[in-house]
Amino acid sequence: MSKRNWPDSFAHPRFWPAWLAIGAMQIGAWLPWRLKLAIGRGLGLLAWAAVPRRRHIVDTNLRLCFPELSDSERRRLVLDTFKANGIGILETATGWCRDPRHLSHRVAYKGLHHLEAAHARGKGVLVVGIHFSTLDLGGALHSLYFPADVVYRPHNNPLFDRFMTRSRSNIFGEAIDRHDLRGVVRRIKAGHIVWYSPDQDFGRDVSVFAPLFGVQAATIRLTAKIARMTGAPVVPLMFHRNPDDRTYTIECHPPLEDFPSGDEVRDATQVNAFIERAIRKHPEQYMWLHRRFKTRPEGEKGFY
């Protein structure tokens, strides 16, 4: 539903569920750490049981990307994915609603010198992030080391979108609508770091097909286009929760080489190769709930 079809006042009863969600996130952000983990896992288990459609999507994605897993191993990974994404709700609440400095003792930054060197070139930086369940908390903790802007998808609910955008603006320098290419280019050319996640299926019109886990995936062309328009280095970055469930690691890699190359498929393949390596480290923390392989090459049957 478009935003213009919503009531004008946020006091309208149609916004009450959003107010409840916002209140729950504000409370959840201040809970003790162990309680956050327990509630998060519980939310994940509830979603696993109550939303079979999403369970099917996760199972399909994992079957395509990890064909070597047995049925029992894949079922376990499906369950772990829901639990990790449930925890991600509490992590997002923490990233949006609290000062990230209170978690500074929980994060380690590997490869920071790669980002420092890229930024020192003076052309801005395009950071390629990934849709892990820890994404927004990762952005908050990254702000302790380097300020950055973020490209985001607006929420359909205007009240929640306002809350989300304001929260992210407290973390990042500027929250940029994903459709605002001029805004992205402007900020990069001004010397800013812009955090951008190109690992979702945005449809055939804006994508080329490139392999991801050996499966042809509609991969957005915009990453190479932004790099070409700005001359900025493209720096891959991953963020994950460590196995102890108490600490986190930000890992920055050297800028992509020969990027953009002028070959859209080659560029998309290079981006997907990094995304695949990052996912393989902690596959349960990736947002497999998204229909990553929804768009298929002409004549190929859909997976979902």
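(A) Region of the structure containing helix α10 (residues 264–281). The end-to-end C-alpha distance of α10, which contains 18 residues, comes to 27 Å, matching closely the 26 Å that a straight helix rising 1.5 Å per residue would cover. Every buried residue of α10 is accounted for by D267, A268, V271, N272, F274, I275, E276, A278 and I279. On its buried face, α10 is in contact with β2 (125–128), β6 (207–212), β7 (215–220), α9 (222–230) and β8 (234–241). For α10, the N-terminal capping position is held by D263, with its side-chain oxygen 3.1 Å away from the main-chain nitrogen of V265.

(B) Looking closely at the environment of S72. Of note, S72 is situated in helix α4 (residues 71–97). Spatially, the C-alpha atoms of S72 and D244 are 24 Å apart, while their sequence positions differ by 172 residues.

(C) Spatial organisation of the sheet that holds β2. Spatial ordering of the open sheet is given by β1-β9-β8-β2-β5-β3-β4, a layout of seven strands whose pairing is mixed. Sheet topology places β1 (107–110) and β4 (175–177) at the edges, where each strand pairs with a single neighbour. The average undirected angle you get between the axes of adjacent strands in this sheet is 25°. Judged from the five bridges that link them, β8 and strand β9 (residues 248–252) form a sheet pairing that is antiparallel. The residue of β9 that forms the bridge with M238 is E251.

(D) Just the pattern of salt bridges, in detail. One pass over the full model with this rule turns up 18 salt bridges. The partner of D71 in a salt bridge is R74, with the nearest N and O atoms 3.4 Å apart. Of this pair, D71 and R74 both sit in helix α4, three residues apart, which is roughly one turn of that helix. Judged by relative accessible area, D71 falls into the partly exposed class, the value being 46%. The residue E174 makes a salt bridge to R187 at a minimum N-O spacing of 3.4 Å. Here R187 lies in helix α8 (residues 181–189) and E174 lies in the loop between α7 (158–171) and β4, a separation of 13 residues in the sequence. You can call E174 partly exposed: its relative accessible area is 23%. Among the residues examined, R187 registers a relative accessible area of 15% and is labelled buried. Linked by salt bridges that have partners in common, R41, E91, R241 and D245 make up one network.

(E) Main features of the side chain of D149. Here D149 shows up in strand β3 (residues 149–152). Taking the relative accessible area as the measure of exposure, D149 reaches 1% and is therefore buried. A distance of 2.8 Å separates a polar atom in the side chain of D149 from the backbone nitrogen of E174. Leave out the neighbours within four places in its chain, and D149 touches F172, G173, E174, I176, R187, H192, I193, V194 and W195.

Analysis parameters
- Residues numbered from 1 in each chain as written.
- Predicted model: local features only at pLDDT ≥ 70, side-chain atom pairs only at ≥ 80, totals over all residues.
- Heavy atoms only, no water.
- Helix = DSSP H or I, 4+ residues; strand = E, 2+ residues; numbered from the N terminus.
- Expected span 1.5 Å × (residues − 1).
- Buried < 20%, exposed > 50% of the residue type's maximum accessible area, 1.4 Å probe, protein only.
- Contact = heavy atoms within 4.5 Å.
- Polar contact = N/O pair within 3.5 Å; in protein donor to acceptor, adjacent residues only side chain to side chain.
- Pairing = 2+ DSSP bridges.
- Axes fitted to C-alpha atoms, helices over the stretch in contact; angles between N-to-C directions.
- Salt bridge = Lys/Arg side-chain N within 4 Å of Asp/Glu carboxyl O.

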